[in-house]
Amino acid sequence: MPDFTVTPWHVEGDIDYDKLTRQFGTQKITEQLHQRIAQVAGEDHFMLKRGVFFSHREMDRVLEQYQNGEKFFLYTGRGPSGNTHIGHLVPWVFAKWLQDRFGANMYFQITDDEKFYSKHDMTLEDTARYALENALDFIALGFDPKKTRIIINTRNIRTLYPIAAQIAKRINFSNTKATFGFTGETNIGMIFYTALQSAPCFIEDGPVLIPLGVDQDPHFRLTRDIAPKIKKHKPALIHNMMIPGLEGPGGKMSASDSSNTIYTTDTPDMVKKKINKYAFSGGQPDVAEHRRLGGNPDIDVSYQYLRIFFEPDDGKLESIYTDYKSGKMLTGELKQILIEKINSFFQTHQKKREEARDKIQEFLYEDR
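In this text, all values refer to a predicted model and were calculated from it rather than measured experimentally. (Residues numbered from 1 in each chain as written. Predicted model: local features only at pLDDT ≥ 70, side-chain atom pairs only at ≥ 80, totals over all residues. Heavy atoms only, no water.)

> For this particular structure, what's the right way to read the packing of aromatic side chains?
Both the distance between ring centres and the angle between the ring planes are used here to describe each pair of aromatic rings. Scanning the model with the defined rule gives 22 aromatic pairs in all. Note on Phe138 and Phe143: the rings are 4.1 Å apart at their centroids and 20° apart in plane angle, and the pair reads as stacked. In this structure Phe143 comes out as buried when scored by relative accessible area, which is 3%. When the centroid spacing of 5.4 Å and the interplanar angle of 85° are considered together, the rings of Phe309 and Phe345 count as edge-to-face. (Phe/Tyr/Trp six-rings, centres within 6.5 Å; stacked < 30°, edge-to-face > 60°. Buried < 20%, exposed > 50% of the residue type's maximum accessible area, 1.4 Å probe, protein only.)

Now the structure itself:
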């Protein structure tokens, strides 16, 4: 058995990101590349500094093209299998920063068809409903409505299908089977699906940069292979780490596991109860031991959520790390910091999320 599994549909185990980078054939984001991104963008981003975004495919090429006067566009997305959770927000928030810094157009693909194919208990009506609900979370982050379009696969198939057909003709079943492990029992919707997920890469005639969770990379390995065959730019990618569920190492946060997940629609009381009850602790069994030995923030889920998303201030994060590791800060105190941070973020986000209901038509892509 492998130590961990990372596919677009299943993530399990304690992921070794150095090993995963070698397996997927991606490039680590070096300190040199990190500094170059910050220089060209005009500012740094805490997710880059902390290695939350750790890997890429040709990010350096996109920067070089940009500096030579060739703008890129952005593309990311969401498979609507349930409510949005905090793990989904990571690439979206980073994409918002990229849009702001580079003035890029943004395409957000909601793959309601793929979740219908892959989830036996979901209807198209279910995925369509979640598609619109998930879109509200995306809009709430503040993307520019003049430069941002939301693509919903079943609604925008008129635009997507001619591009997908060009892609599908050039990806053979052997490569798809080898990449995803499909069997004779796999439905043909899943087999074709990569062509549809690839389509937004070519919706504009120019370079594209895709911020995404590393689990989605296999789709775009195939896309990059066929891009020259249709005389298009290979999509460039920048990958974020998987965000662990509340119960700790062993996979990623999942929209279908409510006790292991913080949803953007959770109330303050729900957030408090979930973190206090379920958040994996790096602390010692009792207070005396914790004061004597200290905690381990590197495995503590509350600290990891602060590091990944909820505490952008490096000085404050370092102080929390030091206090927890020394035993000065207890697990309950660390959890309380996270609870307050999440609920403060949600207070604003949920208000903007409701306001987005009146704005959604501005963002929806119109087939031509």
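> Explain the environment of Arg78 to me, please; I cannot follow it from the model alone.
Following the sequence through the fold, Arg78 ends up in strand S5 (residues 73-78). At a separation of 3.0 Å, a polar atom in the side chain of Arg78 contacts the side chain of Asn134. (Helix = DSSP H or I, 4+ residues; strand = E, 2+ residues; numbered from the N terminus. Polar contact = N/O pair within 3.5 Å; in protein donor to acceptor, adjacent residues only side chain to side chain.)

> Would you mind going over the packing of helix H14 (residues 301-310) against helix H15 (residues 314-326) with me for this structure?
Describing two packed helices takes the angle between their axes plus the distance from one axis to the other. In contact at an axis separation of 10 Å, H14 and H15 are set at 165° when each is read in the N-to-C sense. If you check the angle between H14 and H15, you find them roughly antiparallel. Both H14 and H15 take part in a crossing whose hand is left-handed. In this structure, H14 uses Tyr303, Leu306 and Arg307 to contact H15, whose residues at the interface are Leu317, Ile320 and Tyr321. Class assignment of the residues belonging to the contact of H14 with H15 gives a composition of five nonpolar, no polar and one charged. (Axes fitted to C-alpha atoms, helices over the stretch in contact; angles between N-to-C directions. Parallel < 35°, antiparallel > 145°, perpendicular 65-115°, else oblique. Left-handed = near helix turned anticlockwise from the far one by under 90°. Contact = heavy atoms within 4.5 Å. Nonpolar A, V, L, I, M, F, W, Y, C, P; charged D, E, K, R; others polar.)

> Looking at this structure, how should I read the environment of Thr123?
Mapped onto the secondary structure, Thr123 falls in the loop between helix H6 (112-118) and helix H7 (124-140). Residues Thr123 and Thr348 lie 225 residues apart in sequence; the distance between their C-alpha atoms is 32 Å.

> Explain the sheet that holds strand S8 (residues 208-213) here, please?
Strand pairing in a sheet takes place through backbone hydrogen bonds and is either antiparallel or parallel in direction. Reading across from one edge, S3-S4-S9-S8-S5-S6-S7 is the order of the seven strands in this open sheet, with mixed pairing throughout. With partners counted over all chains shown, the strands left at the sheet margins are strand S3 (27-28) and strand S7 (148-152), one partner each. Across five bridges, S8 lies against strand S9 (residues 236-240) in parallel orientation. Its bridge partner lying in S9, Gly213 is registered against Asn240. Most of the contacts of H7 go to S7, to which it runs at about 165°, and overall it touches S5, strand S6 (106-110) and S7. Contacting strand S4 (53-57), S5, S8 and S9, helix H11 (residues 217-226) runs over the sheet at an angle of about 155° to S8. (Pairing = 2+ DSSP bridges.)

> Is there a simple way to explain the environment of Phe54 in this structure?
Relative to the elements of secondary structure, Phe54 occurs in strand S4. According to the relative accessible area criterion, Phe54 is buried, its value standing at 4%. Note: C-alpha distance between Phe54 and Pro207 (153 residues apart in sequence) is 21 Å. Ignoring anything within four residues of it in the chain, the contact list for Phe54 reads Tyr17, Thr21, Gln27, Lys28, Ile29, Val214, His239, Asn240 and Met241.

> Please clarify how the pairing of S8 should be interpreted in this entry.
On any regular strand, side chains alternate: one points to one face of the sheet, the next to the other face. Most of S8 sits inside the fold, with six of its six residues counted as buried. Going residue by residue along S8, you find Val208, Ile210 and Leu212 tucked away on one face and Leu209, Pro211 and Gly213 tucked away on the opposite face as well. Across two bridges, S5 lies against S8 in parallel orientation. When the bridges of S8 are listed, Phe73 appears paired with Val208.

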